[in-house]
Amino acid sequence: MPEPSRPVRRDRDARRLASEAPWLRDDIGPLVASTALGVVGLVAGYLGASSTVDPSRQFAWMTATVVMTMIAALGNALWLGLGRRSVRARRDLVIARLRGDAVPVALAARPAPVERASRVELPSPATPRTDALVPEAFLSYLAAEESE
Amino acid sequence: MDWMRSLSTGWARFVAALLVAGGLLALVLGFVGASGTAYVAEQIPYVISGAITALFLLGVAATLYLSADMQEEWWKLDDIERRLEESSGATDGTSSDDTAEIRRDTFPSLESATVDA
């Protein structure tokens with residue numbers, strides 16, 4: 001992987017940790033695009049295969065449909081992988097805090113609670129989180145982990 | 001992020017269940033259609049509209065269901081962190097009796113492995 005992409009990736013990881021969900025809004029783009037491609041592939045494959053009685057052409061349409069479906073599966077797998085990675089990183093931070101390990105201040109504090117009907121209301125944290133601090137703190141946290 | 005919150009739990013699982021039902025229906029209809037003719041040229045469209053469509057719908061359903069699971073896990077971690085902040089001052093990394101109680105409640109298996117504070 002090219003060197004400049006690592007800070008960008010870490011910045012996105014830090015933004016995910018600061019968000020209200022394991023994904024960022026940008027992450028939904030590849031999911032929707034690949035799934036839509038899968039739907040288009042299914043419809044086009046069915047119409048194409050139905051429009052001819054030549055098995056060789058029908059198999060070509062079926063192969064194209066399978067490829068489109070695989071692209072959709074790839075997009076869905078990417079989405080799930082991103083979510084799993086975020087949850088794992090977040091869980092590691094919580095476990096570190098439970099163990100009493102040092103955790104960067106900006107990562108230790110979470111944003112204010114969000115109104116949700118299914119959740120018990122909790123008071124706001126004493127030190128509201130500043131999102132601008134999160135990426136740098138997370139980068140230093142990762143750098144410290146890598147140097148160990 | 002309202003869009004993500006609305007994605008997450010109840011309705012996501014409901015849509016996933018609908019997709020699973022739709023996938024099974026497509027599978028059955030595809031089988032019935034393909035077995036109803038002896039001509040390969042007539043069977044292949046049924047394979048696409050039945051089997052491949054069923055796989056696609058089941059895959060999307062799995063994504064929705066697992067996404068809802070991860071979102072709920074994320075919220076649980078949120079709650080745990082907030083309780084930790086309330087009990088230990090959020091930033092000093094020290095343990096208190098309350099923190100130890102949360103630790104026992106949340107990660108019973110971790111308690112035996114915890115050696116440093």
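**Q** Quick one: what's the story with the packing of helix H2 (residues 28-50) of chain A against helix H3 (residues 55-99) of chain A, residue by residue and with numbers?
**A** All names here are of chain A. Two numbers describe how H2 lies on H3: the axes approach to 8 Å, and their chain directions differ by 165°. Classified by the angle between their axes, H2 and H3 sit roughly antiparallel to one another. Note on packing geometry: the crossing formed by H2 with H3 is left-handed. Residue composition of the contact of H2 with H3, grouped by class: 16 nonpolar, 11 polar and no charged.

**Q** So what about the environment of A:Gly41? Which residues, and what values?
**A** Residues and elements named next belong to chain A. Position of Gly 41 among the secondary structure elements: in helix H2. On the neighbour-count criterion, Gly 41 (23 C-beta atoms within 10 Å) is buried. Taking the C-alpha atoms as reference, Gly 41 lies 5.0 Å from Thr 65; in sequence the two are 24 residues apart. Here Gly 41 is in contact with Ala 64, Thr 65, Met 68 and Thr 69, once residues within four sequence places are set aside.

**Q** So what about the confidence of the model for chain B? Which residues, and what values?
**A** All names here are of chain B. Of the residues in chain B, 68% reach a pLDDT of 70 or more, and the chain-wide mean stands at 80. Between the elements of chain B, mean pLDDT differs from a low of 50, seen in helix H5 (residues 108-113), to a high of 95, seen in helix H2 (residues 10-35). Throughout residues 113-117 the model reports pLDDT below 50, and contacts reaching past four residues in sequence, or to other chains, amount to 6 contacts. For this predicted complex, the interface score ipTM comes out at 0.71, while the overall pTM is 0.67.

**Q** Quick one: what's the story with H2(A), residue by residue and with numbers?
**A** Spanning 23 residues, H2(A) covers 33 Å between terminal C-alpha atoms, matching the ideal 33 Å at 1.5 Å per step. For H2(A), every residue scored as buried is listed here: A:Leu31, A:Ser34, A:Thr35, A:Gly38, A:Gly41, A:Leu42, A:Gly45, A:Tyr46 and A:Ala49.

Conventions used here
Residues numbered from 1 in each chain as written. Chains lettered and ligands numbered in written order. Predicted model: local features only at pLDDT ≥ 70, side-chain atom pairs only at ≥ 80, totals over all residues. Axes fitted to C-alpha atoms, helices over the stretch in contact; angles between N-to-C directions. Helix = DSSP H or I, 4+ residues; strand = E, 2+ residues; numbered from the N terminus. Parallel < 35°, antiparallel > 145°, perpendicular 65-115°, else oblique. Left-handed = near helix turned anticlockwise from the far one by under 90°. Nonpolar A, V, L, I, M, F, W, Y, C, P; charged D, E, K, R; others polar. Buried ≥ 20, exposed ≤ 12 C-beta atoms within 10 Å, placed from the backbone. Contact = placed C-beta atoms within 7 Å. pLDDT = per-residue confidence, 0-100. Expected span 1.5 Å × (residues − 1).

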